[in-house]
Protein chains: 2
Amino acid sequence: KDELADFYKYIDYREEIYVNRLREAVAIKSVSAWPDHRNEVIRMLEWTKDWTEKLGGKVELYENPCKVQQMDDGTTIPLPPIMLGSFGDDPKKKTVCVYGHLDVQPALLTDGWDTEPFELTEIDGKLFGRGSTDDKGPALSWLWMVEAFNELKMDLPVNIKMIYEGMEEYGSEGMFETVNELSKPGKFLANVDFFCISDNYWLGRNKPCLTYGLRGMAYFEVGVECSTKDLHSGVYGGSVHEAMTDLIKLMSTLTETDGTINVAGVMKDVAPVTEKEKESYETIDFDLANYAEEVGVTTIGEKRLRHNTKRDLLMARWRFPTLSLHGIEGAFSDPGAKTVIPRKVMGKFSLRLVPDQDPKQIAACVTKHLNDEFAKLGSPNKMWVKAHHGAKAWLSSTDHPNYTAAASAVEKVYGQKPDMTREGGSIPIATWLEDATQMNVLLLPVGACDDMAHSQNEKFDRKNMVAAIKVLGCYLHEVAKIRG
Amino acid sequence: KDELADFYKYIDYREEIYVNRLREAVAIKSVSAWPDHRNEVIRMLEWTKDWTEKLGGKVELYENPCKVQQMDDGTTIPLPPIMLGSFGDDPKKKTVCVYGHLDVQPALLTDGWDTEPFELTEIDGKLFGRGSTDDKGPALSWLWMVEAFNELKMDLPVNIKMIYEGMEEYGSEGMFETVNELSKPGKFLANVDFFCISDNYWLGRNKPCLTYGLRGMAYFEVGVECSTKDLHSGVYGGSVHEAMTDLIKLMSTLTETDGTINVAGVMKDVAPVTEKEKESYETIDFDLANYAEEVGVTTIGEKRLRHNTKRDLLMARWRFPTLSLHGIEGAFSDPGAKTVIPRKVMGKFSLRLVPDQDPKQIAACVTKHLNDEFAKLGSPNKMWVKAHHGAKAWLSSTDHPNYTAAASAVEKVYGQKPDMTREGGSIPIATWLEDATQMNVLLLPVGACDDMAHSQNEKFDRKNMVAAIKVLGCYLHEVAKIRG
Ligand SMILES: [Zn+2]
Ligand SMILES: [Zn+2]
Ligand SMILES: [Zn+2]
Ligand SMILES: [Zn+2]
């Protein structure tokens, strides 16, 4: 008999209680992007602190090192503290640290939600509500898992540390500094053996996965200025070398419809595809038709995805760089017709980076490319390139004990081995934790690909909420078996 | 002795009174673009009606045929009426009809005004205030001119009709229909002999001009759609044929840094430049250095104007078509860095048209060009071209008696012959009046090129305000001499 059988049974038995607690948490409008709701973010942190303490944990609300957030109007508002929680400090046990966030994306019924976003509403086993899956549901699962161990008088198999923030959806201000400070000898993160983050999603709707790679990124602005004021195209058209003409020319040189990146040197350091990697895509549970529907291309025409096979499409998202043109600041962007010659326009674009690309080297290539192309235009305008921020891709090893422990927990709880997946986007905290502590970070998603994090109608499947609590407990159980 | 000597003297004597009346008019915030200020637009029309009646004129507030303005939220607000005024109806006299508008552009101190925009403020002989030069100052000059004739017991040399609207700065809704209706036999505009509009500006700061040509325009939207939702470039980059990539490629094919228009067929009907026309540019008072400063290119580098001679630059603005890229709707346009793959983007651009270009034929060329270029991309995306609105260029004859009368009035009042100029922008009402009545339209600017209509710190020079009243009276005097 599975030694966690009682644990699983207890969780099934308490299902309704977990739903009600999630309802309470979702009702707290902890939107970090809404300055006038900052108190709600703090309330959400305190709500979680109270629960942690009630379950026997120790909690410190750690002051954000950046202290305040600068508003556009020059005023400041306080940044929320970072919750540092811990259960147990037995030096004979391993220590697992979980990262989570308690703030959520903005949400308004008028955005197109079918239900009130801050009222958890169940429809067909789906728990709709802002934060249900990103990241309140997963983050709180750790507490309910601890509670179950407590109630069943089972010893926690490892020491648990929790680092939960309230600004993730608005740039995680202060987290980088906090992680670095707390990783110093003797500090909160110093003795952590393994990190675990449940803040991403499965590749599909049903099959669980572990995520071992993330793309990095390099964000750019290319600006052109032709005059000191916006000009009316009727009165002044023909007078100046228009900034938009130059900018559009420059932006048009960066990439092609098929995704080819034209910037010389960018592809140089992309890690070659091995046969083993090629094979690894074959078994992954990924349905191109479902995916086409998810990205919204089925309804407006045929053959709209950029690749026709599972492998090519996943490789395009996970292990090859991409370049996207995002938009233009300073140009006319409203509906309707305005006849302006904008004086100064800034094109925004970014590359997603993969191993072994270096953001600095990419920035150098992009800058050279744009300068060369601008020289070809023979324009007298002022032009500049600004590299915003860059991050290297992140790649972990699926052979690491942290991953094998999680894989075996997933298999026990869900009855199937997880897919080993990468993701196209970046999760900066994973890199920060790994860089600061040199310890392995596991990404253990517990929600499905259609959970709609950041969108209208975000949801967490009731069955996935229950399984999450189980899998976290089982994962700790497996981690405890790791020797060395 | 000049037969209008007393008239001029009287006007000089009353200068301060005119300034105070303009102050009263500027204080009425008749901003047509501000729906909650619609009553102020109506108040401004009533203020003008009262003055017209006080000076012996007859006035009808003609109901706008479009009646209401549709708001984005589905509600409606009333459109202001159109003021139809008249002084005299002697069948033995010529009838001159003046068009003007009493609404103004939006203005806020925080936009960068140095003085309160709705408090007329005099600095160094400049009367700063929204509407001072566009178009309250010029439009009201007609009344003060009539007043002077009255007070001096001089008979008005012609019948005067006034058609003054309150929505010019917001699209002149209903004016086209009104002009057409009122041009029918027996209606208000039916017996007008000459039209006069003072709603544009001199080419320079000091030398008056008459304007005999305006460019037309053709406005376009080219759209590309790649999916039914915006996508995160990290998670989804590599999945779809991005709409922005296609759109930027398409927009980049339209024009070159030096202004060349790449759309085949567009230059075909441009009227050839005659020797006579070439010569006509030589005598025009136009200073390239001043102009460079006006458009704001001197401060950010050298040789920023597109042409180095007066003639080339004026021809580029007046008699050759230009193509300007205005911006993109649907793409990221805010400050900062957002990693979005926009699902649907619409590029906006327009051409300024010259004789003998036909907007319909231009639309056909542009549409064919974009379809051809899109085919080259091999993109599976949805693409469309929408021709917004088009207007032919307008060209009058400087030999028309309406122009020679005005030229001689200008010479008498300012002591110099006016330059005969064209303009790059369009003034739709000029075309509407001419098309509906087949009578000549004169553009008689009375403000200087640096009056900053539509910008911060709009002003009307005190001396130009005074001269305007004089020149309008003298113009009517000259018109009365026209035989046949
Ligand atoms: Zn999250
Ligand atoms: Zn999120
Ligand atoms: Zn105007
Ligand atoms: Zn205007």
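Not measured: the values here are computed from a predicted model.

Colleague: Please provide a residue-by-residue account of the overall build of chain A, values included.
Modeller: The number of helices and strands found in chain A is 14 helices and 20 strands. The C-alpha radius of gyration of chain A comes to 24 Å, within 12% of the 23 Å expected for a compact globule of 484 residues. In terms of principal-axis extent, the alpha carbons of chain A reach across some 80 × 55 × 50 Å. Counting across all 484 residues of chain A, residues that qualify as buried make up 60%. In chain A, the share of contacts with a sequence separation of at least 24, taken over all contacts with a separation of at least 6, comes to 80%. Total accessible area computed for chain A in this model is approximately 19000 Å², and 50% of it derives from carbon and sulfur atoms. Each charge class in chain A was averaged separately, 57 positive and 73 negative side chains, and the resulting centres sit 3 Å apart.

Colleague: A description of the relation of the copies chain B and chain A should follow, citing residues and the corresponding values.
Modeller: Once turned by 180° and shifted 0.1 Å along the axis, chain B lies on chain A with an RMSD of 0.1 Å. On this basis, the relationship between the two copies can be described by a two-fold rotation axis.

Colleague: Before we move on, can you summarise the interface of chain B and chain A with the specific residues and values?
Modeller: Taken together, the contacts link 83 residues of chain B with 81 residues of chain A. Across the chain B/chain A interface, buried area totals approximately 6300 Å², and carbon plus sulfur atoms make up 52% of it. Together, Thr257(B), Arg304(B) and His326(B) form the three largest contributors to the area buried by chain B at its contact with chain A, with a combined 11%. Linking chain B with chain A are 4 salt bridges. Applying the counting criterion to the chain B and chain A interface returns 54 residue pairs in polar contact (both at pLDDT 80 or more). A per-class count over the side of chain B that touches chain A returns 30 nonpolar, 32 polar and 21 charged.

Colleague: Describe the coordination of the zinc ion (ligand 3), and please don't skip the residues or the numbers.
Modeller: All names here are of chain B. The coordination sphere of the zinc ion (ligand 3) contains the protein donors His101 (NE2), Asp134 (OD), Asp199 (OD) and Asp199 (OD), at a distance range of 2.0 to 2.7 Å. In this structure, the zinc ion (ligand 3) is surrounded by 4 donor atoms whose angles at the metal cover 53 to 146°, and the resulting shape is irregular. Read in sequence order, the donor residues coordinating the zinc ion (ligand 3) give the pattern H-x32-D-x64-D.

Colleague: Run through the packing of aromatic side chains, naming residues and quoting values.
Modeller: Residue and element names in this part refer to chain A. In the structure shown here, the tally under the stated rule is 22 aromatic pairs over all chains. Summarising the aromatic geometry, the rings of Phe176 and Trp432 are spaced 5.5 Å apart at their centres and angled 70° between planes, so their arrangement reads as edge-to-face. Of this pair, Phe176 sits in helix α5 (residues 175-182) while Trp432 sits in helix α13 (residues 428-437); the two residues are 256 residues apart in sequence, bridging distant segments of the chain. With centroids separated by 5.1 Å and ring planes inclined at 55°, the aromatic side chains of Phe286 and Tyr291 adopt a geometry described as tilted. Judged by its relative accessible area of 2%, Tyr291 is buried. Among the aromatic residues, those joined into a ring-pair cluster are Phe7, Tyr8 and Phe149. Arg21 extends its terminal NZ or CZ atom over the ring of Trp144, reaching a point 4.4 Å from the ring centre. Over the face of the ring belonging to Phe188 we find Lys161, whose NZ or CZ atom lies 4.6 Å from the ring centre.

Colleague: Can you break down the sheet that holds strand β13 (residues 322-329) of chain B residue by residue, with the values?
Modeller: Residues and elements named next belong to chain B. Pairing is antiparallel in the open sheet, where 4 strands are placed in the order β13-β15-β11-β16. At either end of the open sheet lies a strand with only one pairing partner, and these are β13 and β16 (382-391). Neighbour to neighbour, the strand axes of the sheet diverge by 20° on average, direction disregarded. Across 8 bridges, the pairing between strand β11 (residues 216-225) and β16 is antiparallel. Its bridge partner lying in β16, Gly223 is registered against Trp384. Contacting β11, β13, β15 (344-353) and β16, helix α7 (residues 243-252) crosses the sheet at an angle of about 150° to β11.

Colleague: Tell me what's going on with helix α1 (residues 5-13) of chain B, and back it up with residues and numbers.
Modeller: Because the α-helix completes a turn every 3.6 residues, residues three or four places apart line up on one side. Residues and elements named next belong to chain B. Listed as buried for α1 are Phe7, Tyr8, Tyr10 and Ile11. In a view along the axis of α1, the buried residues occupy a sector of 160°, so they form one face of it. Of the exposed residues in α1, the ones pointing more than 90 degrees away from its buried face are Lys9 and Tyr13. For α1, the elements touching its buried residues are α2 (15-27), α4 (136-151), α12 (401-414) and α14 (462-479).

Colleague: Can you break down the side chain of Asn381(A) residue by residue, with the values?
Modeller: When you line up the elements, Asn381(A) lands in the loop between α11 (359-377) and β16 (382-391). Among the polar contacts made by the side chain of Asn381(A), one reaches the main-chain carbonyl oxygen of His241(A) at a distance of 2.7 Å. In terms of polar contacts, Asn381(A) uses its side chain to reach the side chain of Arg304(B), at 2.9 Å.

Colleague: Break down the sheet that holds strand β7 (residues 126-128) of chain B for me, with residues and values.
Modeller: Two orientations exist for strands paired in a sheet by backbone hydrogen bonds: parallel and antiparallel. Residues and elements named next belong to chain B. Strands sit in the order β6-β7-β20 across an open sheet of 3 strands; the sheet is antiparallel. Where the open sheet ends on each side, the last strands, each with one partner, are β6 (121-123) and β20 (459-461). Neighbour to neighbour, the strand axes of the sheet diverge by 25° on average, direction disregarded.

Colleague: Now, about the nonpolar core: what can you tell me, with residues and values included?
Modeller: With 95 residues, the main nonpolar core has Leu305(A), Ile328(A), Phe349(A), Leu351(A), Ile328(B), Phe349(B) and Leu351(B) as its most contacted residues. Setting aside residues up to four positions removed in sequence, Ile328(A) forms contacts with Met244(A), Leu247(A), Ile248(A), Met251(A), Val345(A), Met346(A), Gly347(A), Ile328(B), Phe332(B) and Ser333(B). Core analysis: the second largest hydrophobic core is formed by 92 residues, Leu182(A), Leu210(A), Val410(A) and Phe460(A) among them.

Colleague: Now, about the domain arrangement of chain A: what can you tell me, with residues and values included?
Modeller: All names here are of chain A. Domain parsing of chain A yields domain 1 (5-214 + 393-479) and domain 2 (216-271 + 319-391). Averaged C-alpha coordinates put domain 1 and domain 2 at centres separated by 37 Å. With 7 residues of domain 1 at the contact, the number on the domain 2 side is 7 residues. Around 510 Å² of area is buried between domain 1 and domain 2 when both sides are counted, 54% of it from carbon and sulfur atoms. The interface formed by domain 1 and domain 2 includes 0 salt bridges. For the interface between domain 1 and domain 2, the tally reads 0 residue pairs in polar contact (both at pLDDT 80 or more).

Colleague: Kindly report on the environment of Ala363(B), identifying the contributing residues and their values.
Modeller: Residues and elements named next belong to chain B. Inspection of the secondary structure assignment puts Ala363 in helix α11 (residues 359-377). Considered as a pair, Ala363 and Leu351 are 12 residues apart in the sequence and their alpha carbons are 9.8 Å apart. The residues contacting Ala363, other than those within four sequence positions of it, are Phe220 and Ala387.

Colleague: Give me the lowdown on the side chain of Arg304(A), citing residues and values where you can.
Modeller: With respect to the helices, strands and loops of the structure, Arg304(A) is situated in the loop between α9 (288-295) and α10 (310-318). One buried charged residue, Arg304(A), forms no salt bridge at all, with the nearest opposite charge on Glu225(B) at 7.0 Å. Polar contacts involving the side chain of Arg304(A) include one to the main-chain carbonyl oxygen of Glu225(B), which spans 2.9 Å. Other than its neighbours up to four places away in sequence, Arg304(A) contacts Val297(A), Glu225(B), Cys226(B), Ser239(B), Val240(B), His241(B), Pro380(B), Asn381(B) and Lys382(B).

Colleague: Any chance you could break down the environment of Leu353(A) for me, citing the residues and the numbers?
Modeller: Secondary-structure assignment places Leu353(A) in strand β15 (residues 344-353). Once the C-alpha coordinates of Leu353(A) and Trp394(A) are considered, the two residues, 41 residues apart in sequence, prove to be 9.5 Å apart.

Colleague: Kindly report on the coordination of the zinc ion (ligand 4), identifying the contributing residues and their values.
Modeller: Residue and element names in this part refer to chain B. Looking at the zinc ion (ligand 4), one finds its protein donor set to be Asp134 (OD), Glu169 (OE), Glu169 (OE) and His454 (NE2), positioned 2.0 to 2.7 Å from the metal centre. Considering all 4 donor atoms around the zinc ion (ligand 4), angles at the metal cover 54 to 134° and the coordination shape is irregular. Separating the zinc ion (ligand 4) from the zinc ion (ligand 3) is a gap of 3.1 Å, which Asp134 spans by donating to each of them. Taken together, the residues Glu169 in the loop between β8 (159-165) and α5 (175-182) and His454 in the loop between β19 (440-443) and β20 connect sequence positions 285 residues apart. For His454, a relative accessible area of 44% translates into the label partly exposed.

Colleague: Describe in detail the packing of helix α2 (residues 15-27) of chain A against helix α3 (residues 38-54) of chain A, supporting the description with residues and values.
Modeller: Residue and element names in this part refer to chain A. Following both chains from N to C, one finds α2 and α3 inclined at 150°, their axes separated by 9 Å at the closest point. Comparing the axis directions of α2 and α3 gives the class roughly antiparallel. Crossing of α2 against α3: the hand is right-handed. Of α3, the residues touching α2 (which contributes Arg21, Glu24 and Ala25) are Met44, Trp47 and Trp51. Residue composition of the contact of α2 with α3, grouped by class: 4 nonpolar, no polar and 2 charged.

Colleague: Describe the pattern of salt bridges, with residues and values.
Modeller: Residue and element names in this part refer to chain B. Following the criterion strictly, the structure yields 66 salt bridges over all chains and no others. Salt-bridge contacts for Lys376 lead to Glu373; the nearest nitrogen and oxygen are separated by 3.0 Å. Here the residue Lys376 and the residue Glu373 both occupy positions in helix α11, the gap between them amounting to 3 residues, near one helical turn. Look at Glu373 and you get buried, because its relative accessible area is 17%. A salt bridge links Lys417 to Glu411; the nearest nitrogen and oxygen atoms lie 3.4 Å apart.

The rules behind these values
Sequence order as written defines residue numbering, which begins from 1 separately in each chain. Starting at A for chains and at 1 for ligands, labels are handed out in the order in which the entities are written. With the structure being a predicted model, the display of local features is reserved for residues of pLDDT at least 70 and the display and counting of side-chain atom pairs for 80 or more, all residues being used for whole-chain, interface and lining totals. To obtain the side-chain values, all non-hydrogen atoms of the structure were used and water was disregarded. Where helices and strands are cited, they refer to DSSP runs of H or I of at least four residues and of E of at least two residues respectively, numbered from the N terminus. Computation of the radius of gyration draws on C-alpha atoms, with the globule rule given as 2.2 Å multiplied by the number of residues to the power 0.38. The buried label goes to any residue with under 20% of its type's maximum accessible area, the exposed label to any with over 50%, and the partly exposed label to all in between, with areas taken from a 1.4 Å probe on protein chains only. Contact between two residues is taken to exist if any of their heavy atoms lie within 4.5 Å; hydrogens are not considered. To measure how exposed things are, a 1.4 Å probe is used in the Shrake-Rupley method; for residues, cover is taken only from the protein chains shown. When charges are counted, Lys and Arg are positive and Asp and Glu negative, with His and the chain ends excluded. Lysine's charge is taken at NZ, arginine's at CZ, aspartate's at CG and glutamate's at CD. Our superposition of the copies is a least-squares fit, built on the C-alpha atoms of residues whose pLDDT is at least 70 in both. Here's the idea: put two parts together, see how much 1.4 Å probe accessible area each one loses, and the total over both is what we call buried area. Salt bridges are counted wherever a side-chain nitrogen of Lys or Arg sits within 4 Å of a carboxyl oxygen of Asp or Glu. As used in this structure description, the phrase polar contact means that two N or O atoms lie within 3.5 Å; if the pair is within protein, one of them must be able to donate a hydrogen and the other to accept it, and residues adjacent in sequence are counted only when both atoms belong to side chains. Each residue is assigned to one class: nonpolar for Ala, Val, Leu, Ile, Met, Phe, Trp, Tyr, Cys and Pro, charged for Asp, Glu, Lys and Arg, and polar for all the others, Gly among them. The donor set comprises N, O and S atoms within 2.8 Å of the metal, extended to 3.2 Å for Na, K and Ca; water molecules are omitted, so apparent gaps in a site may simply reflect that omission. Only two sets of limits are used to name each site, 85 to 135 degrees for every angle of a tetrahedral four-donor site, and over 155 degrees for opposite donors with all other angles from 65 to 115 for a square planar four-donor or octahedral six-donor site, with any other site named irregular. Ring pairs shown here join Phe, Tyr and Trp side chains whose ring centres sit within 6.5 Å, with only the six-membered ring taken for Trp; geometry is labelled stacked below 30 degrees between planes, edge-to-face above 60, and tilted in between. A ring has a charge above it when a Lys NZ or an Arg CZ is no more than 6 Å from the ring centre and no more than 35 degrees off the ring normal. Should DSSP find at least two bridges between two strands, the strands are taken to pair. To obtain an axis, a line is fitted to C-alpha atoms, over the contacting stretch when the element is a helix, and the angle between two such axes runs from 0 to 180 degrees between their N-to-C directions. The directions from the helix axis to the C-beta atoms are what the arc is built from. Nonpolar cores were defined as sets of buried Ala, Val, Leu, Ile, Met, Phe, Trp, Tyr and Cys residues, with membership established by side-chain atoms within 4.5 Å. Either an automatic procedure or a domain database provided the assignment from which the domain bounds are taken. Roughly parallel covers angles under 35 degrees, roughly antiparallel covers those over 145, roughly perpendicular covers 65 to 115, and oblique covers all other angles. In this scheme the crossing of two helices becomes right-handed for a clockwise turn of the near helix relative to the far one and left-handed for an anticlockwise turn of less than a right angle.

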